[in-house]
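Residues per chain, in single letters:
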Amino acid sequence: MWRRILCSKSFNKASHTACESLSLMCRRLCTEFVDPTSISSLMSCRLIPLDKNPEIEQLSQKGVRPIGIGEVLRRIMGKAVTTFLKTDIINSVGPLQLS
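Residues numbered from 1 in each chain as written. Predicted model: local features only at pLDDT ≥ 70, side-chain atom pairs only at ≥ 80, totals over all residues. Heavy atoms only, no water.

Asks: Even after reading the chapter, I still don't get helix α5 (residues 86-93), so can you show me in this structure?
Replies: Helical periodicity: at 3.6 residues per turn, an α-helix aligns residues three or four positions apart in one direction. For α5, the tally of buried residues reaches only 0 of 8 residues, placing the bulk of the element at the surface. Positive backbone phi, at 65°, marks Gly94, one or two positions downstream of α5. (Buried < 20%, exposed > 50% of the residue type's maximum accessible area, 1.4 Å probe, protein only. Helix = DSSP H or I, 4+ residues; strand = E, 2+ residues; numbered from the N terminus.)

Below you can see the structure in the form of structure tokens.
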């Protein structure tokens, strides 16, 4: 849905305005201190429980892994920033894999 709104020509001026606003917010988040309480809804996520060992019946060996699914706009901004800074990120973290 967001891709269609941001990239479609059928939304004309609204699509351009949405892209500009999103890039301005992304730039601000990357360059300035932003009070965390003002962006709490952007940073929220939905937690999905994932069963670690579905075939094991013993409760002592079972476990649940929480999977967090973030807001779409935050994911779009994160993807844009990491695409732009990919080589800098690779150079600074080296062979480490961040999850």
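After that view of the structure, there is still more to cover.
Asks: Just checking my understanding: could you explain the packing of helix α2 (residues 12-31) against helix α4 (residues 72-84) for this structure?
Replies: Between α2 and α4, whose axes approach to 10 Å, the crossing angle comes to 70°. Considered as vectors, α2 and α4 are oriented roughly perpendicular to each other. In the packing of α2 onto α4, the handedness of the crossing is right-handed. For the pair formed by α2 and α4, the contact residues are Leu22, Met25, Cys26, Leu29 and Cys30 on the first element and Leu73, Ile76, Met77 and Val81 on the second. (Axes fitted to C-alpha atoms, helices over the stretch in contact; angles between N-to-C directions. Parallel < 35°, antiparallel > 145°, perpendicular 65-115°, else oblique. Left-handed = near helix turned anticlockwise from the far one by under 90°. Contact = heavy atoms within 4.5 Å.)

Asks: Sorry if this is basic, but what is going on with the environment of Glu71 here?
Replies: Relative to the helices and strands, Glu71 is located in the loop between β2 (64-70) and α4. Sequence separation between Glu71 and Leu42 is 29 residues, and the spatial gap between their C-alpha atoms is 6.4 Å.

Asks: Got a minute to help me understand the pattern of salt bridges in this structure?
Replies: Two side chains with opposite charge may pair up if their charged atoms get near one another. Summed over the entire model, instances satisfying the criterion amount to 1 salt bridge. Here Arg28 makes a salt bridge to Glu32, at a shortest N to O gap of 3.2 Å. Exposure remark for Arg28: the relative accessible area of 45% places this residue in the partly exposed category. Look at Glu32 and you get partly exposed, because its relative accessible area is 46%. (Salt bridge = Lys/Arg side-chain N within 4 Å of Asp/Glu carboxyl O.)

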